[in-house]
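Coordinates in review
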Amino acid sequence: MDLTTIIDALNDAQREAVTLPAGSALVLAGAGSGKTRVLVHRIAWLAQVEAVPLHRLMAVTFTNKAAAEMRGRVEALLHHSARGLWIGTFHGLAHRLLRRHAETAGLPETFQILDADDQYRLIRRLLKSLNLDEGRWPPRQVQWYINGQKDEGRRPKAIVETGDPFQHQMLQLYTAYEAICQRSGLVDFAELLLRAHELLRDHAELLSHYQERFHHVLVDEFQDTNTIQYAWLRLLSGESGNLFVVGDDDQSIYGWRGAKIENLHRFRRDYPDHRLVRLEQNYRSTATILNAANVLIANNENRLGKKLWTEGTQGEPISLYAAFNEQDEAYFVVERIKQWLEQGHLRSDAAILYRSNAQSRLFEEKLIQAGIPYRVYGGLRFFDRAEIKDALAYLRLIANRDDDASFERVVNAPPRGIGARTVEILREAARSRQQPLWRAAENICETKALPARALNALKQFLQLVDAMETDVREIGLSEQSKQIIERSGLIPHYQKEGEKGETRIDNLKELVNATRQFEYEHGDSNEEGIPILHLFLAQAALEAGDAQADEAEEYVQLMTMHSAKGLEFKLVFMAGMEEGLFPGERSLEEVGRLEEERRLCYVGITRAMQQLHFTFAESRRRYGRETYPKMSRFLREIPPELLQEVRMRAHVSRPVTAAPAARPTGLLDDSCGFPPGQRVMHNKFGEGVVLQCEGDGSQIRVQVNFEKGGAKWLMASYANLQVV
DNA sequence: GACGGAATCGTTTTT
DNA sequence: CGATTCCGTC
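Residues numbered from 1 in each chain as written. Chains lettered and ligands numbered in written order. Predicted model: local features only at pLDDT ≥ 70, side-chain atom pairs only at ≥ 80, totals over all residues. Heavy atoms only, no water.

**Some remarks on the overall build of chain A**
The helix and strand inventory of chain A stands at 28 helices and 23 strands. Within chain A, contacts between residues at least 6 apart in sequence are counted, and of these 73% link residues at least 24 apart. Split by element, the accessible area of chain A, about 32,100 Å² in all, is 48% carbon and sulfur. (Helix = DSSP H or I, 4+ residues; strand = E, 2+ residues; numbered from the N terminus. Contact = heavy atoms within 4.5 Å. Areas by Shrake-Rupley, 256 points an atom, 1.4 Å probe, with all protein chains shown as cover.)

**Re the protein's contact with DNA strand B**
Taken together, 25 residues are adjacent to DNA strand B, and Arg355, Arg381, Asn412, Thr560 and Arg593 come closest. Counting only atoms of DNA strand B within 4 Å of the protein, the fraction found in sugar and phosphate groups is 44%. Within the side chain of His91, an N or O atom sits 3.3 Å from a base oxygen of DNA strand B. In this structure, Arg593 approaches DNA strand B through a side-chain N or O atom, which is 2.4 Å from a base oxygen. When residues of the surface near DNA strand B are traced back to their parent elements, those giving at least two are α25 (561-564) and α26 (593-605). Here the residues of the surface near DNA strand B sort into 8 nonpolar, 12 polar and 5 charged. (Near = heavy atom within 4 Å. Polar contact = N/O pair within 3.5 Å; in protein donor to acceptor, adjacent residues only side chain to side chain. Nonpolar A, V, L, I, M, F, W, Y, C, P; charged D, E, K, R; others polar.)

**A few points about the nonpolar core**
Core analysis: the largest hydrophobic core is formed by 53 residues, its most contacted members being Phe383, Leu392, Phe407, Leu458, Phe461 and Leu511. Residue contacts for Leu392: discarding those within four places in its chain leaves Phe383, Leu511, Phe536, Leu537 and Ala540. Core analysis: the second largest hydrophobic core is formed by 44 residues, Ala94, Leu199, Leu207 and Leu542 among them. (Core = buried A, V, L, I, M, F, W, Y, C linked by side-chain atoms within 4.5 Å. Buried < 20%, exposed > 50% of the residue type's maximum accessible area, 1.4 Å probe, protein only.)

**Quick word on helix α11 (residues 227-237)**
Taken across its 11 residues, α11 has 9 buried, putting it largely inside the fold. Taken residue by residue, α11 has Thr227, Ile228, Gln229, Tyr230, Trp232, Leu233, Leu235, Leu236 and Ser237 as its buried positions. Its side-chain oxygen placed 3.1 Å from the backbone nitrogen of Ile228, Asn226 serves as the N-cap of α11. In the segment just after α11, Gly238 is the residue with positive phi, at about 35°.

**Some remarks on the pattern of salt bridges**
Per the counting criterion, the structure on display carries 51 salt bridges. Between Asp117 and Arg121 there is a salt bridge, and its shortest N-O distance comes to 3.2 Å. One end of the pair is Asp117 and the other is Arg121, both in helix α6 (residues 116-129) and 4 residues apart, which spans about a single turn. For Asp117, a relative accessible area of 32% gives the class partly exposed. Its salt-bridge partner being Glu568, residue Arg284 comes within 2.8 Å of it at the nearest N-O pair. Here Glu568 lies in the loop between α25 and β13 (569-574) and Arg284 lies in the loop between β8 (275-279) and α13 (287-297), a separation of 284 residues in the sequence. Judged by its relative accessible area of 13%, Arg284 is buried. A residue is classified by how much of its surface remains accessible, and Glu568, at 40% relative accessible area, is partly exposed. Through salt bridges with shared partners, a single network forms among Asp115, Asp117, Asp118, Arg121, Lys389, Arg396 and Asp403. (Salt bridge = Lys/Arg side-chain N within 4 Å of Asp/Glu carboxyl O.)

**Brief notes about the pairing of β13**
Of all the 6 residues making up β13, 5 are buried; the element is thus mostly covered by neighbouring parts of the structure. Sheet topology places β13 next to strand β14 (residues 608-617); 5 bridges connect them, and they run parallel. Counted as the bridge partner of Leu571 is Gln611 from β14. (Pairing = 2+ DSSP bridges.)

**Here we look at the protein's contact with DNA strand C**
Around DNA strand C lies a shell formed by Arg124, Glu134, Arg361, Tyr623 and Gly624. Sugar and phosphate atoms represent 56% of those atoms of DNA strand C found within 4 Å of the protein. Here a phosphate oxygen of DNA strand C sits 3.0 Å away from a polar atom, N or O, in the side chain of Arg124.

**Some details on a negative patch on the surface**
A contiguous patch of negative charge on the surface is contributed by Glu499, Glu502, Asp506 and Glu510. Mapped onto the fold, Asp506 is located in helix α23 (residues 499-522). (Patch = residues over 30% accessible without salt bridge, like charges linked within 9 Å, V, L, I, M, F, W, Y side chains within 5 Å. Lys, Arg positive; Asp, Glu negative; His and termini not counted. Charge placed at Lys NZ, Arg CZ, Asp CG, Glu CD.)

**Quick word on the sheet that holds strand β3 (residues 86-89)**
The sheet built from 6 strands is open, its strands ordered β3-β2-β6-β7-β1-β8 with parallel pairing. The strands lining the two open edges of the sheet, one partner per strand, are β3 and β8. For this sheet, the mean inter-axis angle between neighbouring strands, taken without regard to orientation, is 15°. As judged from the 4 bridges shared by strand β2 (residues 57-61) and β3, these two strands associate in the parallel manner. Bridging from a neighbouring strand, Thr61 pairs with Thr89 of β3. (Axes fitted to C-alpha atoms, helices over the stretch in contact; angles between N-to-C directions.)

**With respect to the packing of aromatic side chains**
Under the definition given, this model contains 18 aromatic pairs. When the centroid spacing of 5.1 Å and the interplanar angle of 55° are considered together, the rings of Phe62 and Phe90 count as tilted. Within this pair, whereas Phe62 is found in the loop between β2 and α4 (64-78), its partner Phe90 is found in helix α5 (residues 90-100), the two being separated by 28 residues in sequence. We classify Phe62 as partly exposed; its relative accessible area is 24%. The interplanar angle of 80° and the centroid separation of 5.6 Å between the aromatic rings of Phe407 and Phe461 together place this pair among those described as edge-to-face. In this pair, Phe407 is assigned in helix α17 (residues 404-410) and Phe461 in helix α20 (residues 452-472), connecting sequence segments 54 residues apart. For the pair shown, Phe407 and Phe461 are each scored as buried. (Phe/Tyr/Trp six-rings, centres within 6.5 Å; stacked < 30°, edge-to-face > 60°.)

**What about the confidence of the model for chain A?**
Averaged over chain A, the pLDDT score is 88; the fraction of residues at 70 or greater is 89%. Ranking the helices and strands of chain A by mean pLDDT puts β13 first, with 98, and strand β18 (residues 652-654) last, with 36. Of the regions scoring below 50 in pLDDT, residues 695-699 engages in 6 contacts with residues more than four places distant in sequence or in other chains. (pLDDT = per-residue confidence, 0-100.)

**Overview of unusual backbone geometry**
Residue Pro414 is bonded to the preceding Ala413 through a cis peptide linkage, with omega at 0°. Counting through the fold element by element, Pro414 comes out in the loop between α17 and α18 (420-433). In this structure, Ala51 takes a positive phi of about 55° despite not being glycine. In this structure, Ala51 sits in the loop between α3 (35-48) and β2. Positioned with a positive phi, Gln434 is a non-glycine residue whose angle comes to about 55°.

Structure below.
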């Protein structure tokens, strides 16, 4: 293979990043600037030019989708399989390490992964067993606390008591929770990362083995890493320091769940010799759209700084529709989509983005009325469905009897006469003897501490699971799951539920198909000696996400702005652009949250390739009440000349000129000093347009979008602005 | 254990 | 408003 395939068709910045010498590097990759491309080509470069064997490379992503895409593109570029290349999510790779070294990590070989829902249930159960009031100690909060501590790499022992009773209680719960997980062989998502980190940190020989093995570590979406993930990367990249990270501080939208944008700054300090490359040329959006995005994001402070540009055309203005109410808003959007489709465009090129999932309903209704097929992202995923989790719980119990979470889940599902009272006794016995529920149940069957009927039912349950295991030991995974579903009695149970039960039964059949597919993909070649059942269960927990992605289908796309990250659409609607909704009222409380909302808006805008529409409702029913929200501040931050207000009924759009008079609705009006839209002249910066003002008296600050320098905040009393 | 009425409560999400 | 959870009754 020759070099040209790898570096041709890259722009200068991309090529610079791809061909950097070994060492640490930070690639600041703006939206649509070819970030995945750089990662993929970097891998190919290292493999082909630097002659680094693929198995000495590790690439880390956040989603399975990104990992799969990257692997596919590497293979396409190299024209051969990329087996041996470790590429996966943080969680997936951590899981792999823990499976390989379960014993060293202090875990049973049979350990199982606890997903967020399992974790929540386990915590509720814990609260109950400790007789704590759920109202006073909300399980969600406990869960948040525990995960937050783990994300920061802190074990209970490392937490210093402040004397705060709340903290004290949380700490107690964290400790108790850990004990349950440990004796049940359960590992939650945060624990995967923490354990993997500790495994490497505390075992010098393992650490040096992996440090030696991985000459290069590449990281995608680096701005989303949390403390423990960063620590993990530091450890792994170790001495060589060959850490190649790609990220965009302006697209950091997961701070609320532990992502540390500071990691970008930390990286710069911790790797003083790193190379920095900015990817600013955008290949996705029109100049108008990029302009709006640039000006908006310029309102954030502490950016690493980046300005997207394009060689492409100006494109159409961004439209702004002030709807009467939320019905009208949905109607408008669907009308526009109709027109777009009439022009012969694809449904899948159009997306409706919103801040919160609840907003999808109205759009769905109107789309149904219009007979336009659509797809809503981010609903219940296949492996999260109750019936699937029930069936999986049986499989998990077979793999590991100590799994208390699964035991509780199916001990009386379907109902078999083991009621709350019996389970209560079991829990108590388990707690006092520090045993898993299964063991406690076995013991209780000996002691006759139960009424005959319950005892009988319990014995039958224990026998059922044991029998399932013996009968199923020698057969393939799909056959196993099929038999277990049948013998569990779940199907007749759901049959009683009528129509809803039918879909559940269909889903169970689908589960068998999934196991068959998994078997087909993984064959008998048990990866590194790990039983296929364990591999499947881990995948069910870790890759529940994109199980049913029928990308080929033709649907209008509905999703939150969060889930839109990484995607692009020719036509984008950003709906509900209202104060209180976006930015949400809660994001005003905490400092930093508003900036994250603004980044989210930036992410939304930069999804659009050709056409962008903003909509908001002047009246919106929320929680059954009529509200009259104001237009989102984010829209005020966008230069008016980029926006075109739309009145739908006449299908005439009113061009917006600089003069405020051209904005009769007064949407963008503001009461101080210079009206937004006013053209002004500054001695140093030249001509520009006023975006907004704030403050009063001599403290008035004006934000001006200069033709040369972009948006800037100026003190009106010093700036000596001249009206043009 | 199933059912129904009352009470409660409302971001964002991947793993 | 509407989904989910809780609690009391049969």
